[in-house]
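Structural overview for review
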Amino acid sequence: MPLIVERLTKIYPDGTRALHEVSFTVEDGEFVAIIGLSGAGKSTLLRCINRLIEPTSGRVIWNGIDITAASPRELRKIRRQIGMIFQQFNLVKRATVLTNVLAGRLGYVNPWLSLLGYFPPSEVQRAMRALERVGLADLADKRADELSGGQQQRVGIARALMQEPRLLLADEPVASLDPVLAHSILRYIEELNRKDGVTVLCSLHFLDLVHRYATRVIGLKDGIKVFDGRPDEIDDRR
Ligand code: ADP
Ligand code: ADP
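Described below are features of the structure shown in this document. From a predicted model like this one, the values you see are computed outputs, not experimental measurements. (Residues numbered from 1 in each chain as written. Chains lettered and ligands numbered in written order. Predicted model: local features only at pLDDT ≥ 70, side-chain atom pairs only at ≥ 80, totals over all residues. Heavy atoms only, no water.)

**Description of the pairing of strand E10 (residues 224-229)**
Where strand E9 (residues 216-221) meets E10, 5 bridges bridge the pair, whose relative direction is antiparallel. Residue pairing across strands places Ile218 opposite Asp228, the latter belonging to E10. As consecutive antiparallel partners, E9 and E10 are separated by 2 residues, and within that stretch Asp222 has a phi angle of approximately 45°, a positive value. (Pairing = 2+ DSSP bridges. Helix = DSSP H or I, 4+ residues; strand = E, 2+ residues; numbered from the N terminus.)

Written out as structure tokens, the structure reads:
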């Protein structure tokens, strides 16, 4: 079932228009790169899709459900199926790696909840499998803030894996990593896309990464969609 974004507009309380009538449809299995200069609206777009930020107008429809009209209860359910990865990793720094991954089960929205929650052994096993997949099983009991940046982002991926997401929203997931680490993280995301069939929307800064990983590119400028096409069509426009 496609993700349909319809005339999505966000005006922040201070009057900043971060998105203006952005529309597009993403089919299952696509890897869409969102590109644009800093301030173009990439982060706002990704966060409006799962309503971490409330859009001002427009609609987001996913799996036939109007996310923009969902009740708080429905929204919690929907968010459990949508993974999210952030530039700054957004881990609970003082919690263990394992706890951070378990938090994925509740939706990434409030990782603190996992500190209070009880997880049955089957969940812990799943979390360990997710950590194995990103090569971090040995570090499960370390505190998240003891890990390097690249390792922390792999925890972020394991946390998303825990959700078994159908859709992954990645907000500049490699912007704070060096190029080698950036590739290693994007390869994990690519594997989720290719092997698990997860639809990916990922904002990226560098065109070489876009060419290497994305199947489609959406370009934003000042909150307006200015490009929507294949990666190999971008350069012609420059
Ligand atoms: P990007 O992710 O492409 O850098 P953002 O979505 O973060 O872009 O920002 C888009 C625009 O909205 C920018 O002008 C930014 O300053 C503004 N903006 C982002 N968050 C807020 C906020 N909470 N309040 C007001 N303006 C904001
Ligand atoms: P990013 O580019 O990764 O979105 P930013 O540094 O632009 O990071 O923003 C960091 C935080 O500050 C975000 O939560 C964003 O919503 C908020 N923010 C960004 N621009 C503004 C702004 N003009 N006014 C208020 N908050 C803002």
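**Description of the nonpolar core**
Formed by 45 residues in total, the largest nonpolar core has its most connected members in Leu131 and Ile189. Those elements that place two or more of their residues in this core are strand E3 (31-35), helix H3 (97-102), helix H5 (121-133), helix H6 (149-162), strand E7 (167-171), helix H7 (179-195), strand E8 (199-203) and helix H8 (207-213). Sorting elements by how many residues they give to this core places H6 first, with 6 residues. Beyond its immediate chain neighbours, meaning those up to four positions away, Leu131 contacts Val97, Leu98, Val101, Leu136, Ala137, Ala140 and Ala158. One finds Val32, Leu46, Leu75 and Met84 within the second-largest nonpolar core, a separate group that totals 29 residues. (Core = buried A, V, L, I, M, F, W, Y, C linked by side-chain atoms within 4.5 Å. Buried < 20%, exposed > 50% of the residue type's maximum accessible area, 1.4 Å probe, protein only. Contact = heavy atoms within 4.5 Å.)

**Thoughts on the pattern of salt bridges**
One pass over the structure, following the stated rule, counts 19 salt bridges. We note a salt bridge from Lys42 to Glu172, for which the minimum N-O separation is 4.0 Å. Taken together, the residues span a long stretch of sequence, with Lys42 in helix H1 (residues 42-49) and Glu172 in the loop between E7 and H7 at a distance of 130 residues. Exposure class is identical for Lys42 and Glu172. Each is buried. A salt bridge links Arg126 to Glu164, with the nearest nitrogen and oxygen atoms 3.3 Å apart. Placement of the pair is Arg126 in helix H5 and Glu164 in the loop between H6 and E7, with a sequence separation of 38 residues. The network of salt bridges with common partners includes Glu30, Arg216, Lys225 and Asp228. (Salt bridge = Lys/Arg side-chain N within 4 Å of Asp/Glu carboxyl O.)

**Concerning the site of ligand 1**
As a matter of local geometry, ligand 1 sits amid Tyr12, Asp14, Thr16, Ala18, Leu37, Ser38, Gly39, Ala40, Gly41, Lys42, Ser43 and Thr44. At a separation of 2.7 Å, an oxygen atom of ligand 1 approaches a polar backbone atom of Gly39. Backbone polar atom of Ala40 to an oxygen atom of ligand 1: 3.2 Å apart, as the coordinates give it. Notes on ligand 1: free accessible area 560 Å², of which the protein chains cover 61%. When residues of the shell around ligand 1 are assigned to their parent elements, the largest contribution, 3 residues, is made by H1. Partitioning the shell around ligand 1 into residue classes produces 4 nonpolar, 6 polar and 2 charged. (Near = heavy atom within 4 Å. Polar contact = N/O pair within 3.5 Å; in protein donor to acceptor, adjacent residues only side chain to side chain. Areas by Shrake-Rupley, 256 points an atom, 1.4 Å probe, with all protein chains shown as cover. Nonpolar A, V, L, I, M, F, W, Y, C, P; charged D, E, K, R; others polar.)

**Observations regarding the state of the cysteines**
Think of a disulfide as a covalent bridge from one cysteine sulfur atom to another cysteine sulfur atom. Under the criterion given, the structure shown has 0 disulfides. Residue Cys48 stays outside any disulfide, its sulfur separated by 18 Å from that of Cys202, the closest cysteine. (Disulfide = S-S within 2.5 Å.)

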